[in-house]
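# Topology and contacts: notes
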Amino acid sequence: TLTWRYSKDFSQSEGEDRAIIKSIHVVGTQYADYQCNLCPPGTFNSQTGMGACQSCPVNTFSNKPGAKQCQPCEAYSFSYPGSISCSKRQACTALDYELAPSFCESTLQRTLSYQWSRAFCDPTSSPLPSTTSIDCSCP
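This one's a predicted model, so the numbers in the text were calculated from it and none came from an experiment.

What counts, and at which threshold
Residues numbered from 1 in each chain as written. Predicted model: local features only at pLDDT ≥ 70, side-chain atom pairs only at ≥ 80, totals over all residues. Heavy atoms only, no water. Helix = DSSP H or I, 4+ residues; strand = E, 2+ residues; numbered from the N terminus. Buried < 20%, exposed > 50% of the residue type's maximum accessible area, 1.4 Å probe, protein only. Contact = heavy atoms within 4.5 Å. Pairing = 2+ DSSP bridges. Phe/Tyr/Trp six-rings, centres within 6.5 Å; stacked < 30°, edge-to-face > 60°. Axes fitted to C-alpha atoms, helices over the stretch in contact; angles between N-to-C directions.

Another aspect to go through is the overall build of the chain. On a plain count of helices and strands, the chain comes out with 0 helices and 13 strands. The linear arrangement of helices and strands in the chain, starting from the amino end, is β-β-β-β-β-β-β-β-β-β-β-β-β. Counting every position in the chain, which comprises 139 residues, the buried fraction comes to 17%. Across the chain, contacts joining residues at least 24 apart in sequence account for 29% of those joining residues at least 6 apart.

Right, here's the structure in full:
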């Protein structure tokens with residue numbers, strides 16, 4: 001689509017007649033590079049030739065352009081999707097775990113255990129609360 005505005009100088013036959021292009025909008029085509037472009041850091045492309053770059057998954061990274069795969073983070077470090085480096089895991093706190101109760105079992109007991117809810121803290125830094133059992137019978 002080509003859109004323009006034309007204005008005529010009606011004061012004389014010669015003068016300041018002009019056409020001003022307002023916009024050019026091309027539809028029905030797909031963008032394609034004429035040359036291969038390397039995937040930027042934080043992404044990878046495992047295919048040979050041109051293809052879509054994908055973000056590095058959680059706990060992996062790529063810090064150089066053109067990565068064919070992402071590198072895993074070392075133990076006790078983490079990364080978010082699309083990262084160019086890993087960060088050291090912080091110590092876990094009481095805000096990082098959640099209660100994971102069991103169903104009421106045939107013994108009419110329910111087990112209350114805990115699990116880490118955040119994947120980005122160091123679970124070796126502090127222990128989870130002890131598992132307990134409670135009565136789940138109806139009165």
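And the narrative resumes.
So, about the pairing of strand 11 (residues 109–116). Bridge analysis of strand 10 (residues 97–101) against strand 11 gives 5 bridges, and the strand direction is antiparallel. Looking at strand 11, one finds that Leu99 is bridged to Tyr114. Sheet topology places strand 11 next to strand 13 (residues 132–135); 4 bridges connect them, and they run antiparallel. Across the sheet, Arg110 pairs through a bridge with Ile134, a residue of strand 13.

Let us now look at the packing of aromatic side chains. Tallied over the entire structure, the rule returns 3 aromatic pairs. Taking the centre distance of 5.4 Å and the plane angle of 90° together, the rings of Phe78 and Tyr80 count as edge-to-face. Geometrically, the ring pair formed by Tyr97 and Trp116 is edge-to-face, given 6.0 Å between the ring centres and 75° between the ring planes. With a gap of 19 residues between them, Tyr97 in strand 10 and Trp116 in strand 11 connect regions that are remote in the sequence. In this structure Trp116 comes out as partly exposed when scored by relative accessible area, which is 23%.

To continue, consider the environment of Thr93. Within the fold, Thr93 resides in the loop between strand 9 (90–91) and strand 10. Sequence separation between Thr93 and Pro127 is 34 residues, and the spatial gap between their C-alpha atoms is 9.3 Å.

The strand order across the open sheet formed by 3 strands is 10-11-13, and the pairing between neighbours is antiparallel. The open sheet has two edge strands with one neighbour each: strand 10 and strand 13. When strand polarity is set aside, the average angle formed by the axes of neighbouring strands in this sheet is 30°.

Scope: geometric values only; no functional claims are made or implied.
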